[in-house]
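Working through the structure, step by step
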Amino acid sequence: MSRYLNPGNDGFASAVHSEIYVDKTLLLEFTNKVIGTEQRWMCVSRPRRFGKSVTAGMLTAYYERGCDSRDLFRGKKIYSENSFEKHLNQYQVIHLDVQSFRRSNESAMQLITRLNTEVIEELRNVYVDAIRKEEDYLPSALASINDRTGDYFFLIIDEWDLIFREFKEDMVAQEAYIGLLRGLFKDEASKRFVKLAYITGILPIKRYRSQSALNNFREYTMISPKAMDQYIGFTEDEVRKLCRAYGMDFELARQWYDGYSFPKVRHVYCPNSVTNAMFDGEFGSYWSNTVAFDDLQSYICMNFDGLQKAVVQLLAGERYKVDISSFQNDMTSFKKRDDVLTVLIHLGYLAYDSMCKEVYIPNAEVRGAFELAVTHTDWEPVIKTLEASERLLQATLNLESEMVAKEIEKAHMRNASILKYHDENSLRCVIRLAYYSAINDYIIFDEMPGGIGYADLIFLPRKNSSKPLLVIELKWDENSEGAIAQIKDRHYMDRLEDYSGKMLLVGINYTKNDREKKHTCVIEKWEK
């Protein structure tokens, strides 16, 4: 068995034979359709722990002619498809994991050289006399094999973007690597010897100005997954089935791991996190433990206008409008705030709503990563507000209205340097940030966005929470009693007809007078 040419099906076998395996084999029905067509060039990017290597292993196991994988796919979804028999174990497959070529204390150029050398040597052992002795360029070696034998190849490359992620500043090596990829996938000869190209990593293909370095590739990303949307992560139905099988609470699984969303698949979960939670029998942070928090910290602390404000709003549970068009698909060419937010989408730290062109923190697991990253910054006002959030929530539940007013006033004053002080949207953001810890027990809604001078919030208890529902009404230059009266007069509670538990009505007034800047609060119990 070879390492790179037809390396066998052991990798996929270990996934299939695991206690938890979610069947994504219908992806093969899609790849079968594009073999040898203009759509055969595919770049699939997704965050760490979203099943990239498992998928690459599945493609290798199915297509390569060096093994018999029929039993691995028996009973799987692809098995009953018409195309299954036609393509099963029929092709010469080269499977490269770029990470495997890396050695400590070696340069990117040394990695690229080793990749060329080792793969060519292995091909030379199989195709005796088909490759010139002095050949040291993989695309030329493959072209020679194709000329001599007529054989063509499926190229599957995992961690294809490692050079851009791990050698961020080595522009010479990056240019050399792109040159190698162009030889493999873009030159005229490659159109003859490549019948399917599937490269996967975290980043989309590097762009120069507005042009992709490999513009013949179709890209499937966390921003635009296209036909790959159902294969990027676990779907809601798949997670429901796992929760039933393992006796786990689906609502908690949703709170912890849901949040990524695409136009046709509205709920996407991180596979690694869900699998570990089911296996361990408890919910917690799994995906974020595999990612360096200092990377996130370095991104959110970059010196771009408006970036800190954007992060604060995201922490508060708000969404933020983003222009993704200028991102160059690398980790150094940042020119503005939106480039940083875009790379965080590809890294999985932010989810993207393509309809509204907005980003948001997807779930409790990732929110914990943000919170940890922020606590290691010098954003003292934000940190103090987060630390005080549990105290504010408890004061609210205890009907301690004066304490609530003081805590919100402190939060408002602390964050005045980040958010506009006399601004309705900023005040709503301050309130949500001040109640940060409430997100563990509540789903927070903007009840009536857009009302002049108002920013009403509904804190709906999560399924397993015993806390009361909170209806919060904000007023400017009036009084807290008036806020409570408006909640009652406009019958906000009647709109919550499916809720039958306890409620607290919270009225908060802010006096905009520059000398006073006073906050007051009234809290009332309400029974439906």
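Details of the structure are given in the entry above.
Residues numbered from 1 in each chain as written. Predicted model: local features only at pLDDT ≥ 70, side-chain atom pairs only at ≥ 80, totals over all residues. Heavy atoms only, no water.

A few points about the sheet that holds strand β17 (residues 519–526)
Spatial strand order, β13-β14-β15-β16-β17: five strands in an open sheet with mixed pairing. Here the strands that pair on one side only, and so sit at the sheet edges, are β13 (442–446) and β17. Along the sheet, successive strands turn relative to each other by an average axial angle of 15 degrees, direction set aside. Across eight bridges, strand β16 (residues 503–510) lies against β17 in antiparallel orientation. (Pairing = 2+ DSSP bridges. Helix = DSSP H or I, 4+ residues; strand = E, 2+ residues; numbered from the N terminus. Axes fitted to C-alpha atoms, helices over the stretch in contact; angles between N-to-C directions.)

Here's the deal with the sheet that holds strand β10 (residues 320–321)
Taken in spatial order, the three strands line up as β10-β12-β11 in an open sheet, and their pairing is antiparallel. Single-partner strands in this sheet number two, and they are β10 and β11 (351–353). Both β11 and strand β12 (residues 358–360) contribute to a ladder of three bridges, which runs antiparallel. Along β12, the bridge assignment pairs Tyr352 with Val359.

Observations regarding the side chain of Asp339
Structurally, Asp339 is set in helix α16 (residues 337–346). Buried and unpaired, Asp339 has no salt bridge, with Lys336 as the nearest side chain of opposite charge at 5.5 Å. Of note is the side chain of Asp339, whose polar atom sits 2.5 Å from the side chain of Ser326. Once residues lying within four places of it in the same chain are set aside, the contact partners of Asp339 are Ser326, Phe327, Ser333 and Phe334. (Buried < 20%, exposed > 50% of the residue type's maximum accessible area, 1.4 Å probe, protein only. Lys, Arg positive; Asp, Glu negative; His and termini not counted. Salt bridge = Lys/Arg side-chain N within 4 Å of Asp/Glu carboxyl O. Polar contact = N/O pair within 3.5 Å; in protein donor to acceptor, adjacent residues only side chain to side chain. Contact = heavy atoms within 4.5 Å.)

Considerations on the layout of surface pockets
The computed volume of the largest pocket comes to approximately 1,100 Å³. Forming the boundary of the largest pocket are 37 residues, of which Pro362, Arg367, Ile443, Ile444 and Arg462 lie nearest the centre. For the lining of the largest pocket, the secondary-structure elements that each account for two or more residues are α12 (250–257), β11, α17 (364–375), α20 (424–434) and β13. By residue class, the composition of the lining of the largest pocket is 14 nonpolar, nine polar and 14 charged. Looking at the second largest pocket, its volume works out to about 750 Å³. As for the second largest pocket, its lining consists of 32 residues, of which Arg49, Phe50, Gly51, Lys52 and Val54 are closest to the centre. Broken down by secondary-structure element, the contributors of at least two residues to the lining of the second largest pocket are α1 (10–16), α3 (52–63), α8 (162–166) and α13 (271–280). Looking at the lining of the second largest pocket, the element that brings in the most residues is α3, giving five residues. (1 Å grid on protein atoms, 1.4 Å probe; cavity = no way out; pocket = protein on both sides within 12 Å on 5 of 7 lines; lining within 4 Å. Points joined across faces, edges and corners; volume = space filled by probe spheres on them. Nonpolar A, V, L, I, M, F, W, Y, C, P; charged D, E, K, R; others polar.)

Overview of the environment of Asp295
As for its position among the elements, Asp295 is in helix α14 (residues 293–300). Residues Asp295 and Ala373, spaced 78 residues apart in sequence, show a C-alpha to C-alpha distance of 8.9 Å.

Some details on the packing of helix α6 (residues 108–126) against helix α7 (residues 138–149)
Interhelical geometry of α6 versus α7 gives an angle of 20 degrees and a closest axis separation of 9 Å. Put simply, α6 runs roughly parallel to α7. The way α6 lies across α7 gives a crossing that is left-handed. Facing α6, whose interface residues are Leu115, Asn116, Val119, Ile120 and Leu123, α7 presents Leu138, Pro139, Ala141, Leu142 and Ile145. Each residue belonging to the contact of α6 with α7 can be placed in one class, and the counts come to nine nonpolar, one polar and no charged. (Parallel < 35°, antiparallel > 145°, perpendicular 65-115°, else oblique. Left-handed = near helix turned anticlockwise from the far one by under 90°.)

Observations regarding the packing of aromatic side chains
One pass over the structure, following the stated rule, counts 27 aromatic pairs. Considering the side-chain rings of Tyr62 and Phe84, the 5.8 Å spacing of their centres and the 35 degrees angle between planes classify their relative orientation as tilted. Pair noted here: Tyr62 is in helix α3 and Phe84 is in helix α5 (residues 83–87), with a separation of 22 residues, a long-range link. The class for Phe84 is buried, based on a relative accessible area of 1%. A network of ring pairs unites the aromatic residues Phe12, Tyr21, Tyr62, Tyr63, Phe73, Tyr79, Phe84, Tyr91 and Phe154 as a single cluster. The positively charged end of Lys226 is found above the aromatic ring belonging to Tyr220, 5.6 Å away from the centroid. Stacked on the ring of Tyr360, the Lys or Arg Arg319 has its end atom at 4.2 Å from the ring centre. (Phe/Tyr/Trp six-rings, centres within 6.5 Å; stacked < 30°, edge-to-face > 60°. Lys NZ or Arg CZ within 6 Å of the ring centre and 35° of its normal.)

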